[in-house]
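Chain residues, written in single-letter form:
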Amino acid sequence: MPKLGVNIDHVATLRQARRELRPDPVEAAALCERAGADGITVHLREDRRHIQEHDVVTLRRTVTTHLNLEMAATPAMIDFALNLRPDMATLVPERREELTTEGGLDAAARLAEISGAVLALQGRGIPVSLFIEPEMSQVEAALKSGAAFVEFHTGAYARAFHAGAPDAEFARIATAAVYSRRQGLQVNMGHGLDYDNVRPIAELEGVWELNIGHSIMARAILVGMERAVGDMKALVTV
């Protein structure tokens, strides 16, 4: 069964709306772990719209499962990660004008840059995952880069599911996952997964972790963090 990684960025989104001290992402992470989360994910963005450096530093000390740092492949972020030493670094695309990460990293077009980042991070014992589209060209680029993991962007599948026609996108993900595992890559999934569409993805053989944030945080506002995480954990524990 896959592990459940919980992205807590939007706890910080709410805090930063008023530049207050609460809600505290560190407290949220502890509640997520208490409810059964297998890992905590945060994205330290260039514009610092939600998670801040001090959050990540404190989480590194307090997270008892594993800490996955989503980051752009920039020199500044690589230096930060090398000093922090997260349990995993996930390289993601990033644009200031986007509301959220809108697609996968184009590892094929940026192979030299991505390979350099992978070498720097994994050379210091930090496993690297590339957040990519479920496309063979991107999987091949991930293999060439030396990354240990891929995380497939499931946004198109999530949209197709709620439009009532998920089969083509699901097949694309399943095919890419099988090929990746056969080539020795560990496979994660994330983006747009919610309580309605997560089960088919969780049932795919060999998926290591699902990283889910927005849907859990949205539900937590209504029912509490521990119940929201527990409900998702029950769905992914197939």
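Everything below is about the structure printed above this text.
Residues numbered from 1 in each chain as written. Predicted model: local features only at pLDDT ≥ 70, side-chain atom pairs only at ≥ 80, totals over all residues. Heavy atoms only, no water.

### Side note on the overall build of the protein
Spelled out, the test is: Secondary structure elements follow DSSP: runs of H or I of four or more residues count as helices, runs of E of two or more count as strands, with numbering from the N terminus. Only protein chains enter the area calculation, which uses a 1.4 Å probe; residues under 20% of their type maximum are buried, those over 50% are exposed, and those in between are partly exposed. Whether two residues are in contact is decided by their heavy atoms, any of which lying within 4.5 Å being enough. Here the accessible surface of atoms and residues is derived via Shrake-Rupley with a 1.4 Å probe, and residues count as covered only by protein chains that are part of the display. In this tally Asp and Glu are treated as negative and Lys and Arg as positive; neither His nor the chain ends contributes. Charge coordinates come from a single atom per side chain, which is NZ of Lys, CZ of Arg, CG of Asp or CD of Glu.
The helix and strand inventory of the protein stands at 11 helices and 8 strands. Overall, the protein is about 45 × 40 × 35 Å in size when its C-alpha atoms are taken along their principal axes. Burial status across the protein gives 51% buried among its 238 residues. In the protein, the share of contacts with a sequence separation of at least 24, taken over all contacts with a separation of at least 6, comes to 66%. If you sum the accessible surface of the protein, you get close to 10500 Å²; carbon and sulfur atoms cover 53% of it. Side-chain charges in the protein split into 25 positive and 32 negative, and the spacing between the mean points of these groups amounts to 3 Å.

### Re the sheet that holds strand β3 (residues 67-71)
Basically, it comes down to this: The rule for pairing is simple: two strands pair if DSSP sees at least two bridges between them. Lines are fitted to the C-alpha atoms to define the axes, a helix being fitted only along its stretch in contact, and any angle between axes, read from their N-to-C directions, falls within 0 to 180 degrees.
Taken together, the 8 strands give a closed barrel; going around it, the order is β1-β2-β3-β4-β5-β6-β7-β8, and neighbouring strands pair in parallel fashion. Averaged over all neighbouring strand pairs, the angle between strand axes comes to 25°, with direction disregarded. In terms of strand pairing, strand β2 (residues 39-43) meets β3 through 4 bridges, oriented parallel. Note on β3: the bridge partner recorded for V42 is L69.

### Brief notes about the layout of surface pockets
As a reminder, the rule being used: The way it works is a 1 Å grid over only the protein atoms, where trapped points that fit a 1.4 Å probe form a cavity and open points with protein on both sides within 12 Å along at least five of seven lines form a pocket, and then any residue with an atom within 4 Å of a point lines it. Grid points are joined across faces, edges and corners, and a volume is the space filled by probe spheres set on the points. By the convention adopted, Pro, Cys, Tyr, Trp, Phe, Met, Ile, Leu, Val and Ala count as nonpolar, Lys, Arg, Asp and Glu as charged, and the other residues, Gly among them, as polar.
The computed volume of the second largest pocket comes to approximately 310 Å³. As for the second largest pocket, its lining consists of 14 residues, and the residues nearest its centre are H10, V11, L14, M217 and I221. Within the residue set of the lining of the second largest pocket, elements represented by two or more residues are α1 (9-18), α2 (25-34) and α10 (214-223). Of the residues that constitute the lining of the second largest pocket, the class distribution is 10 nonpolar, 2 polar and 2 charged.

### Overview of the nonpolar core
The nonpolar side chains of a soluble globular protein tend to be buried, and buried together. To keep things clear, this is the line we draw: To form a nonpolar core, buried Ala, Val, Leu, Ile, Met, Phe, Trp, Tyr and Cys residues must be joined to one another through side-chain atoms within 4.5 Å.
With 70 residues, the main nonpolar core has I8, L69, L91, L121, L130, M189 and L210 as its most contacted residues. By residue number, the principal contributor to this core is helix α4 (residues 75-84), which donates 6 residues. Apart from residues lying up to four places away in sequence, L210 is in contact with P2, K3, L4, G5, M189, L193, V198, I201, A202 and V236.

### Considering the pattern of salt bridges
Applied cut-off: What counts as a salt bridge is simple: a side-chain nitrogen of Lys or Arg found within 4 Å of a carboxyl oxygen of Asp or Glu.
In total, this model carries 15 salt bridges according to the counting rule given. For D55, the salt bridge identified is with R15, shortest N-O distance 2.7 Å. Of this pair, D55 sits in helix α3 (residues 53-62) while R15 sits in helix α1, and the two are 40 residues apart along the sequence. Owing to a relative accessible area of 2%, D55 belongs among the buried residues under this scheme.

### Here's the deal with the packing of α2 against α3
Stated formally: Here a crossing is taken to be left-handed if its near helix is turned anticlockwise relative to the far helix by less than a right angle, and right-handed if that turn runs clockwise.
Taken N-terminus to C-terminus, the directions of α2 and α3 make an angle of 35°; their axes are 9 Å apart at the nearest point. In this structure, the crossing between α2 and α3 has a hand that is right-handed. Residues P25, V26, A29 and E33 of α2 form the contact with α3, whose own contacting residues are D55, T58, L59 and T62.

### Regarding the environment of R34
As for its position among the elements, R34 is in helix α2. Sequence spacing of R34 and A112 is 78 residues, and the spatial spacing of their C-alpha atoms is 40 Å.

### Side note on unusual backbone geometry
At the junction of R22 and P23, the peptide bond is cis and its omega measures out at 0° in the coordinates. Position of P23 among the secondary structure elements: in the loop between α1 and α2. For H191, which is not glycine, the phi torsion reads 110° and is therefore positive. The exposure class of H191 is partly exposed, given its relative accessible area of 23%.

### Considering the pairing of β3
Which entries qualify depends on this criterion: The path from the first strand over the helix to the second decides the hand: if it runs clockwise while the strands point away from the viewer, the crossover is right-handed.
A large share of β3 lies buried, amounting to 5 of its 5 residues. Burial along β3 is two-sided: L67, L69 and M71 and N68 and E70, pointing in opposite directions, are all buried. Taken together, β2, α3 and β3 form a β-α-β motif whose crossover is right-handed. Looking at chain direction, β3 and strand β4 (residues 88-91) are connected through 4 bridges and run parallel. Its bridge partner being in β4, N68 is matched across the sheet by M88. Of the crossover connections in this fold, the one passing from β3 over α4 to the parallel β4 is right-handed.

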